[in-house]
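# Understanding the architecture of this molecule
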Amino acid sequence: MTGLLLGGIPSLDTLHSHKQYLIIRVIDHGWSRIGPSTQHLSFVFQDLFMIDSHHHFWNFSADQYPWIGKGMERIANDFLPQNLLDTAQPLGVEGVISVQARQTLEETRWLLELAENSEFIHGVVGWVPLKSKELGAALDRFASHPKLVGVRHVVQDEPAGFLLASAFNQGIDALLERNLVYDLLVFPHQLKETISFVDRHPEQIFVLDHLAKPRIRQNEFDSEWAIDLKQLAKRENVSAKFSGLTTEVITQPWSIEMLKPYWETALEAFGPNRLMYGSDWPVCLLKTEYNQWVDAVKKLAGDLTSEQQKLFFTMNCLKAYGLETMS
């Protein structure tokens, strides 16, 4: 199987060779990042059809990835599209969103080049210098690329007040002008500031990565995180990724029972319409294999209706990143 066409629609060869797709009828769709309406196939699923909303690629070097240190040897290797395709596609993952791991324009260019050569990569969340006078030139360089769907800055490493700085907020305004999503990467103690930040941009689409990384312990729920997460979720322009939680488990080993209260909180806060599946591969490999994470998430989502599961595993991601818009 060669993957999907941009926008999440399988090729005819894909459909003919995989029994999980049942073709119902041909209808006319308008896909926002493809252009004018074209003929595509409408289908239902016998098995889950999944989009991984969050993962990373890199050619590893200690100089370029200094945060990969002692005890993280498992991910001190190259991780490239074919590695993820071989790992995730047999589990039902048919498309991905690639997210920046370095704050360089060179990486954004590289990720977009990878995406150009892979139907598996539906979109890229890159990095641009949001506080810099060079922002306009960077956006002019990248924003017209059909697979650039969003931008992220590693705010979790920034001091208090970073999100409220004037220059940074002007940068977010520039993203809105170009219809780009902003991914929020913050820690729980930054959620209150994040709420104030989001309130400055009511028209901007935001996606919260890893549920803001709650600290997960056996028999101890992060209640302050839950309060702030629910407040943030009241903003309808914010969606969230259920991703990367095993690496936030303080005690060993992690279990579905430990994750369940965080799943239930996120589902209550964002509902089945604004919560999406993600893996945080290869970082997740520090605590779990990809197939173990998929199994755990499927069990957690087992009480959802089939339509809600389709939203969570596929459509919410495509909608948030502007990859699925019906005319």
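Residues numbered from 1 in each chain as written. Predicted model: local features only at pLDDT ≥ 70, side-chain atom pairs only at ≥ 80, totals over all residues. Heavy atoms only, no water.

## Things to note about the overall build of the chain
Our working definition: Elements are defined by DSSP. Helices are runs of H or I of four residues or more, strands are runs of E of two residues or more, and each kind is numbered from the N terminus. Only protein chains enter the area calculation, which uses a 1.4 Å probe; residues under 20% of their type maximum are buried, those over 50% are exposed, and those in between are partly exposed. Contacts are assigned to residue pairs that have any heavy atoms within 4.5 Å of one another. All accessible-area figures derive from a Shrake-Rupley calculation using a 1.4 Å probe, and residue coverage is judged against the displayed protein chains alone.
Tallying secondary structure elements over the chain gives 10 helices and 12 strands in all. Evaluated residue by residue, the chain yields a buried proportion of 57% over its 327 residues. Residue pairs in contact within the chain that sit at least 24 positions apart in sequence constitute 77% of those at least 6 positions apart. Summing over all exposed atoms, the chain offers an accessible surface of approximately 14,200 Å²; the carbon and sulfur share of this is 51%.

## Some words on the nonpolar core
Basically, it comes down to this: Take the buried residues of types Ala, Val, Leu, Ile, Met, Phe, Trp, Tyr and Cys, join any two whose side-chain atoms come within 4.5 Å, and each joined set is a nonpolar core.
Of all hydrophobic cores here, the largest spans 85 residues; its most connected members are Tyr-182, Phe-242 and Phe-312. Among the elements that make up this core, the one with the highest residue count is helix α8 (residues 256–270) (7 residues). Those residues in contact with Phe-242 that lie beyond four places of it in its chain are Leu-211, Tyr-262, Trp-263, Leu-275, Met-276, Tyr-277, Gly-278, Trp-293, Val-297, Leu-300 and Phe-312. The next biggest cluster of nonpolar side chains, apart from the first, holds 13 residues, and it includes Ile-51, Met-276, Cys-317 and Leu-318.

## Re the packing of aromatic side chains
Centre-to-centre distance and the angle between the planes together describe a pair of aromatic rings. Spelled out, the test is: Here a Phe, Tyr or Trp ring, Trp counted by its six-membered ring, pairs with any other such ring whose centre lies within 6.5 Å, and the pair is stacked when the planes are under 30 degrees apart, edge-to-face when over 60, and tilted otherwise.
As enumerated under the stated definition, the model contains 20 aromatic pairs in all. Each ring, one from Phe-168 and one from Tyr-182, has its centre 6.0 Å from the other, and the planes form 80 degrees; the classification is edge-to-face. Placement of Phe-168 in helix α5 (residues 166–177) and of Tyr-182 in strand β9 (residues 181–184) is noted, with a sequence separation of 14 residues between them. You'll find Phe-168 and Tyr-182 in the same group, each marked buried. Taking 4.9 Å as the distance between ring centres and 45 degrees as the angle between the ring planes, the aromatic pair formed by Phe-221 and Tyr-262 counts as tilted.

## Let's talk about the environment of Tyr-290
Selection criterion: Polar contacts, as used here, are pairs of N or O atoms within 3.5 Å; protein pairs need one atom able to donate a hydrogen and one able to accept it. Residues neighboring in sequence count only if both atoms are side-chain atoms.
With respect to the helices, strands and loops of the structure, Tyr-290 is situated in helix α9 (residues 290–300). Remark: the alpha-carbon pair of Tyr-290 and Asp-280, spanning 10 residues in sequence, is separated by 9.3 Å. When residues no more than four places from it in sequence are discounted, the contact partners of Tyr-290 are Asp-52, Leu-84, Thr-87, Ala-88, Leu-91, Val-93, Tyr-277, Ser-279, Trp-281 and Leu-285. A polar contact of 2.7 Å, which involves the side chain of Tyr-290, links it to the side chain of Asp-52.

## Digging into the packing of helix α6 (residues 191–199) against helix α7 (residues 223–233)
So the rule is basically this: Throughout, an axis means a line fitted to C-alpha atoms (over the contacting stretch in the case of helices), and angles, computed between N-to-C directions, take values from 0 to 180 degrees. For classification purposes, angles smaller than 35 degrees are called roughly parallel, those larger than 145 roughly antiparallel, those between 65 and 115 roughly perpendicular, and all remaining angles oblique.
Two elements in contact, α6 and α7, have axes separated by 9 Å at closest approach and are oriented at 5 degrees. Between α6 and α7, the interaxial angle falls into the category roughly parallel. Across from Leu-191, Lys-192, Thr-194, Ile-195 and Val-198 in α6, the residues of α7 making contact are Glu-224, Trp-225, Asp-228, Leu-229, Gln-231 and Leu-232.

## Focus on the environment of Gln-308
Assignment of secondary structure puts Gln-308 in helix α10 (residues 306–320). Along the chain, Gln-308 and Gly-271 lie 37 residues apart, while their C-alpha atoms are 9.4 Å from each other. Reaching out from Gln-308, the side chain makes a polar contact with the backbone nitrogen of Thr-305 at a distance of 3.0 Å.

## Let's talk about the pairing of strand β11 (residues 238–242)
For clarity, the threshold we go by: By convention, orient the strands away from the viewer: a clockwise path from the first strand over the helix to the second makes the crossover right-handed. When DSSP finds two or more bridges between a pair of strands, those strands are recorded as paired.
By the criterion of burial, β11 is predominantly enclosed, with 5 of the 5 residues buried. The alternating pattern of β11 places Val-238, Ala-240 and Phe-242 and Ser-239 and Lys-241 on opposite faces, both of which are buried. Read from strand β10 (residues 206–208) through α7 to β11, the crossover connection turns out right-handed. Bridging between β11 and strand β12 (residues 275–277) involves 3 bridges; their strand directions are parallel. The residue of β12 that forms the bridge with Lys-241 is Met-276.

## A few points about unusual backbone geometry
In the segment running from Trp-281 into Pro-282, the intervening peptide bond is cis, with an omega of 0 degrees. Position of Pro-282 relative to the elements: it lies in the loop between β12 and α9. Of note, the phi angle at Asn-179 is positive, near 60 degrees, even though the residue is not glycine. As for its position among the elements, Asn-179 is in the loop between α5 and β9. Unusually for a residue other than glycine, His-210 sits at a positive phi of about 55 degrees. Topologically, His-210 is positioned in the loop between β10 and α7. A relative accessible area of 3% means that His-210 is categorised as buried.

## Points about the side chain of Asp-52
Applied cut-off: Counted as positive: Lys and Arg. Counted as negative: Asp and Glu. His and the chain ends are not counted at all. The term salt bridge refers to a pairing of a side-chain nitrogen on Lys or Arg with a carboxyl oxygen on Asp or Glu at a separation within 4 Å.
Within the secondary structure, Asp-52 sits in strand β5 (residues 50–55). Although Asp-52 lies buried, it forms no salt bridge, and the closest oppositely charged side chain, Lys-241, sits 7.6 Å away as judged by the N-O distance. Polar contacts involving the side chain of Asp-52 include one to the side chain of Ser-279, which spans 2.6 Å. Excluding residues that lie within four positions of it along the chain, Asp-52 makes contacts with Val-93, Gly-95, Val-96, Ile-97, Tyr-277, Gly-278, Ser-279 and Tyr-290.

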